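# Architecture and fold: a report
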Number of protein chains: 2
Amino acid sequence: MQSSQNGVDAAAPTTTEPADPNHVVTLADVARATGFSQMTVSNALRDRPKVSEANRRKIKEIAQRMGYQANAAATMLRNRRSGIIQIVIDDFEVPFHASLAKYLAQEATARGYQVAVRQSERSGSAEMRVLKTERGLIYDGVILDAPNITESQVLAHAHGRPALVIGDCADFSAVDSMDTACAPGAADAAEHLWERGCRECYVLGAPAHWPTDETAHRTGFGPRRFAAIVDALAGHGVRIDDDHRIPCDWTLEGGHAAAARLAARLREAHAVPVAGDGSVQTATATSPIGILCLTDTVALGALRAFAECGVRVPDDVRVIGFDGLAIGEYAVPSLSTVAMDVPAMAATVVARLAAAIEAQSSGAPLPDAMHETIPYRLVARESSR
Amino acid sequence: MQSSQNGVDAAAPTTTEPADPNHVVTLADVARATGFSQMTVSNALRDRPKVSEANRRKIKEIAQRMGYQANAAATMLRNRRSGIIQIVIDDFEVPFHASLAKYLAQEATARGYQVAVRQSERSGSAEMRVLKTERGLIYDGVILDAPNITESQVLAHAHGRPALVIGDCADFSAVDSMDTACAPGAADAAEHLWERGCRECYVLGAPAHWPTDETAHRTGFGPRRFAAIVDALAGHGVRIDDDHRIPCDWTLEGGHAAAARLAARLREAHAVPVAGDGSVQTATATSPIGILCLTDTVALGALRAFAECGVRVPDDVRVIGFDGLAIGEYAVPSLSTVAMDVPAMAATVVARLAAAIEAQSSGAPLPDAMHETIPYRLVARESSR
DNA sequence: ATGAAAGCGCTAACAA
DNA sequence: TTGTTAGCGCTTTCAT
């Protein structure tokens, strides 16, 4: 039991340790090595108050030297909690989701939780993201960054654990939710383009089947943003008919293709090619055309397409996106956008989930479900100036 | 035990279930409900061959209706494996790392592993990323996407489990590693700019303290890329002295600031501002200046700065980056780059780690450590054409 | 084909 | 302050 000389050698057999190389050091091993009971060792290592300072130090030192690490499975089995929050994210490679993951993870870590992020998977043939329920619930709570999930899917995945959804939660009731400010944000974007002189507007990323009428059930990020844009512009007498919505994927490629199509159409419809610079002069020379992109990614793809086609931004068209991606500030021209305050959102979300976890494990009933909205602000940059 | 009418209601008490709302269904519960022993239920649910087909179906159905989910902690404690691979990533918001995470996760999922991704944390005051060793080792193996980690740090984090590092692994021996092809890739980039007529080159993102001489110990992504560039250009008689390396963070902001400084310097040094268009004419009008950015992110920031300063790309300067970010194709002008084949890399990495996990759990000794390199190819786009 | 017993490594509760 | 007992939920023997 006397303190040995070798400071570093982790697996140094202190007393009668069998020299099994694959042997993982267990609490019992440390107990044997120190001469104390398992309980005392356990208490010492976890800084419980009922161990003398001297012994605590001694135990900790020996445990350290033996390379002891508590077996997480056993601890979890006993404590019925892992201290890990799971974050399910749609796609790491989509910058907006990546940003969410980053700040959620930071926030959760700051609160003493470990974080495990996972992607939802693409289902076999379809492009649809699916959330395969995994066997093995080891997480204390779940944050789902899943734009188009239903409440019952959430409940199925949560399996009784506290859960919180970031996405389109318009018709959620029981499950905590954090929604993007689709409607007001999109409306602001439309107002902005109106103020910047746009009297004709196109929406990029809106498929033809989304409803425009007030009464329709508007669900999903896209439809809600789109509907808000239509409403806001209608207030100014600007109509978004089927010709003024260009469907496309919410990707760079999608935005690029959509804008290229649009540029061709504009050229045909009312363009007067000017010799030399090849730029497009719209028929209404004093009135630039507004381009509302339902996502910054779409907008970035569109900017590129406009550059290729000789459509000048912001002279011929004025472009605004949605999300507030960092890269937008460095685009040429820099991209106007409805920027989400992701860090603020993350703080709220994690605080709420942590509270729910605490409440559940202490048996206290939770207050009503939370339904918040991500703070946003409109950032006007070169693309709409 | 007769099949109930309600198909969905998961928690429907079948027989004498106590109406405890918080009760989680356990194997014993299912055993009691079905009338079989725990073992039979366990075997049935896991499709072990020693259960009659009829009973297996009956058991599965009842378990399903009771909402049974195996307790992962208990399973892990028994089996000594979780089926989860941990991926540690430097920063979700850095696109290159996000891309790694995406493909690693996909690959691991395809192989039947669950995946838990976590970020390394920023240490208190410093900007340094640290890898806090977490208490609680529940993962079967670890993939570390950590550009500047040392082998001993890896071993500390791995704690005996199979581990694999993606990053700068020039002096790794015992730990499996996947390295970026820094030297050949950067050399190719330099060659490319030479071929494109650049007779003077600047390197963006290279701090002054990195060594240039052959003998120095070149470690870390940056130093190795930088050294390779210096070597390659030296072969053509182009020197990279201290004036031709512009230090900056590997971020959009960093690249922007560095390029802005450089643009100002170029203007002063040998620029002849042309009335009207404000573009820069270099003294050697026939020889554009090469800009080697150690990262695509830096390059994107630089492109923006050049646009702001009226430096024409690729007429005045020719720019190339490193990584192959998707956005580079949509930049204005589109960005030349040394593109990494991330999916191929991910496949190799996960295959190797899976093999190591199998080997370790079956007691078989592993062959020697793997040291591979991410495949890459040079993509020439507008910024260097 | 099915069941009983034992124990993975840990910690709450109680006893000393 | 320290030690003993029991058991979290599951699965691997080893009977039956």
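Residues numbered from 1 in each chain as written. Chains lettered and ligands numbered in written order. Predicted model: local features only at pLDDT ≥ 70, side-chain atom pairs only at ≥ 80, totals over all residues. Heavy atoms only, no water.

Looking at an unreviewed UniProt entry, chain A carries the name LacI family DNA-binding transcriptional regulator, with the source organism given as Bifidobacterium miconis.

All right, on to empty space enclosed by the protein then. One pass over the full model with this rule turns up 5 cavities of 30 Å³ or more. If you add up the space inside the largest cavity, you get close to 150 Å³. Lining the largest cavity are 13 residues, and of these A:Ala331, A:Val332, B:Tyr330, B:Ala331 and B:Val332 lie nearest its centre. At the level of secondary structure, the elements contributing two or more residues to the lining of the largest cavity comprise helix 10 (296-309) of chain A together with helix 10 (296-309) of chain B. Tallying contributions element by element places helix 10 of chain A first for the lining of the largest cavity, with 3 residues. (1 Å grid on protein atoms, 1.4 Å probe; cavity = no way out; pocket = protein on both sides within 12 Å on 5 of 7 lines; lining within 4 Å. Points joined across faces, edges and corners; volume = space filled by probe spheres on them. Helix = DSSP H or I, 4+ residues; strand = E, 2+ residues; numbered from the N terminus.)

With that out of the way, let us pick up the protein's contact with DNA strand D. Contacts to DNA strand D come from 25 residues, most closely from A:Asn55, A:Arg80, B:Leu27, B:Met39 and B:Tyr68. Among the atoms of DNA strand D close to the protein, meaning within 4 Å, 64% are from sugar or phosphate groups. At 3.1 Å, a backbone N or O of B:Asn71 approaches a phosphate oxygen of DNA strand D. Residue B:Arg78 places a side-chain N or O atom 2.8 Å away from a base oxygen belonging to DNA strand D. Elements with a minimum of two residues in the surface near DNA strand D: helix 2 (38-45) and helix 4 (72-79) of chain A together with helix 2 (38-45) and helix 4 (72-79) of chain B. If one sorts the elements of the surface near DNA strand D by residue count, helix 4 of chain B sits on top with 4 residues. Grouping the constituent residues of the surface near DNA strand D by class yields 9 nonpolar, 10 polar and 6 charged. (Near = heavy atom within 4 Å. Polar contact = N/O pair within 3.5 Å; in protein donor to acceptor, adjacent residues only side chain to side chain. Nonpolar A, V, L, I, M, F, W, Y, C, P; charged D, E, K, R; others polar.)

With that out of the way, let us pick up unusual backbone geometry. The omega torsion of the bond from A:Val332 to A:Pro333 falls at -5°, within 30 degrees of zero and hence cis. Along the chain, A:Pro333 turns up in the loop between strand 11 (317-323) and strand 12 (336-340). The peptide bond linking B:Val313 to B:Pro314 adopts the cis configuration, its omega dihedral lying at 5°. Mapped onto the fold, B:Pro314 is located in the loop between helix 10 and strand 11 (317-323). The backbone of B:His159 sits at a positive phi, close to 55°, despite the residue not being glycine. Position of B:His159 relative to the elements: it lies in the loop between helix 6 (151-158) and strand 6 (163-166). By relative accessible area, which is 31% here, B:His159 ends up partly exposed. (Buried < 20%, exposed > 50% of the residue type's maximum accessible area, 1.4 Å probe, protein only.)

Turning our eyes to something else, we now look at the sheet that holds strand 11 of chain A. Residue and element names in this part refer to chain A. Spatially, 9-8-10-11-12-14 is the arrangement adopted by the 6 strands of the open sheet, whose pairing is mixed. Every interior strand has two partners, whereas the edge strands, strand 9 (245-246) and strand 14 (376-379), have only one. In terms of strand pairing, strand 12 meets strand 14 through 4 bridges, oriented antiparallel. Residue pairing in the sheet places Thr 337 in a bridge with Val 379 of strand 14. Packing against the sheet, helix 8 (residues 221-234) makes contact with strand 8 (200-204), strand 9, strand 10 (289-293) and strand 11, and its axis sits at approximately 175° to strand 8. (Pairing = 2+ DSSP bridges. Contact = heavy atoms within 4.5 Å. Axes fitted to C-alpha atoms, helices over the stretch in contact; angles between N-to-C directions.)

Around DNA strand C, the structure places 25 residues, and the nearest of them are A:Leu27, A:Tyr68, A:Arg78, B:Asn55 and B:Arg80. The sugar-phosphate share of atoms of DNA strand C within 4 Å of the protein amounts to 67%. Interatomic distance of 2.6 Å between a side-chain N/O atom of A:Tyr68 and a phosphate oxygen of DNA strand C. In this structure, a phosphate oxygen belonging to DNA strand C sits 2.8 Å away from a main-chain N or O atom of B:Ser37. Within the residue set of the surface near DNA strand C, elements represented by two or more residues are helix 2 and helix 4 of chain A together with helix 2 and helix 4 of chain B. Considering every element that reaches the surface near DNA strand C, the biggest residue donor is helix 4 of chain A, with 4 residues.

Here, the residues flagged by UniProt with the feature "domain: HTH lacI-type" (unreviewed entry) are residues 25-79 of chain A. Between the first and last C-alpha atoms of residues 25-79 of chain A the distance is 20 Å; the span itself is 69% helix and 0% strand. (UniProt positions renumbered as here; feature names shortened; annotations may be inferred.)

With that out of the way, let us pick up the interface of chain B and chain A. By a widespread convention, an interface's size corresponds to the accessible area lost as its parts come together. Taken residue by residue, the interface counts 53 residues in chain B and 53 residues in chain A. Summing both sides of the interface, chain B and chain A together bury roughly 4400 Å²; the carbon and sulfur share of this comes to 59%. Where chain B touches chain A, the interface holds 6 salt bridges. Across the pair B:Lys102 and A:Asp91 runs a salt bridge whose closest N-O atoms are separated by 3.2 Å. Counting residues per element, the ones that place at least two in the side of chain B that touches chain A are helix 4, helix 5 (95-110), strand 2 (114-119), helix 9 (252-270) and helix 10 of chain B. Along the lines of polarity and charge, the residues of the side of chain B that touches chain A split into 27 nonpolar, 15 polar and 11 charged. (Buried area = accessible area lost by both parts, 1.4 Å probe. Salt bridge = Lys/Arg side-chain N within 4 Å of Asp/Glu carboxyl O.)

Bringing helix 5 (residues 95-110) of chain A into the picture now. Spacing of three or four residues puts side chains on the same side of an α-helix, whose turn is 3.6 residues. Taking 1.5 Å of rise per residue, 16 residues should cover 22 Å, and helix 5 of chain A covers 23 Å from first to last C-alpha, within 8% of that figure. All of the buried residues in helix 5 of chain A are A:Phe96, A:His97, A:Ala98, A:Ser99, A:Leu100, A:Ala101, A:Lys102, A:Leu104, A:Ala105 and A:Ala108. (Expected span 1.5 Å × (residues − 1).)

Mapping chain B onto chain A calls for a screw motion: a turn of 180° about the axis and a shift of 0.0 Å along it, with 0.1 Å RMSD after fitting. Here the transformation between the copies is reduced to the relation of a two-fold axis. The fraction of interface residues of chain B whose copies in chain A are also interface residues reaches 100%, indicating that both copies meet through the same surface. (Least-squares fit on C-alpha atoms with pLDDT ≥ 70 in both.)

On to the environment of B:Leu300. Structurally, the position occupied by B:Leu300 is in helix 10. Sequence-wise, B:Leu300 and B:Gly321 are 21 residues apart; in three dimensions their C-alpha atoms are separated by 8.3 Å.

Right, let's talk about the pattern of salt bridges for a bit. This model, assessed by the stated rule, comprises 28 salt bridges over all chains. Note that A:Glu382 and B:Arg304 form a salt bridge whose closest N and O atoms lie 2.5 Å from each other. Taken as a pair, A:Glu382 in the segment after strand 14 and B:Arg304 in helix 10 lie in two separate chains rather than in one. Judged by relative accessible area, B:Arg304 falls into the buried class, the value being 6%. Measuring nitrogen to oxygen at the nearest pair gives 2.8 Å for the salt bridge that ties B:Asp176 to B:Arg352. Of the two residues, B:Asp176 is situated in strand 7 (residues 176-179) and B:Arg352 in helix 11 (residues 342-361); the sequence distance between them amounts to 176 residues.

Residues and elements named next belong to chain B. The element strand 1 (residues 84-89) is largely enclosed, with a buried count of 6 among its 6 residues. Burial along strand 1 is two-sided: the face carrying Ile 84, Gln 86 and Val 88 and the face carrying Ile 85, Ile 87 and Ile 89 are both buried. Of the pairings in the sheet, the one linking strand 1 to strand 2 comprises 6 bridges and is parallel in character. Bridge assignment links Gln 86 to a residue of strand 2, and that residue is Ala 116. Crossover connection from strand 1 via helix 5 to parallel strand 2: handedness right-handed. By the bridge criterion, 5 bridges tie strand 1 to strand 5 (residues 141-145) in an arrangement that is parallel. Residue pairing across strands places Ile 89 opposite Asp 145, the latter belonging to strand 5. (Right-handed = clockwise from strand over helix to strand, strands pointing away.)

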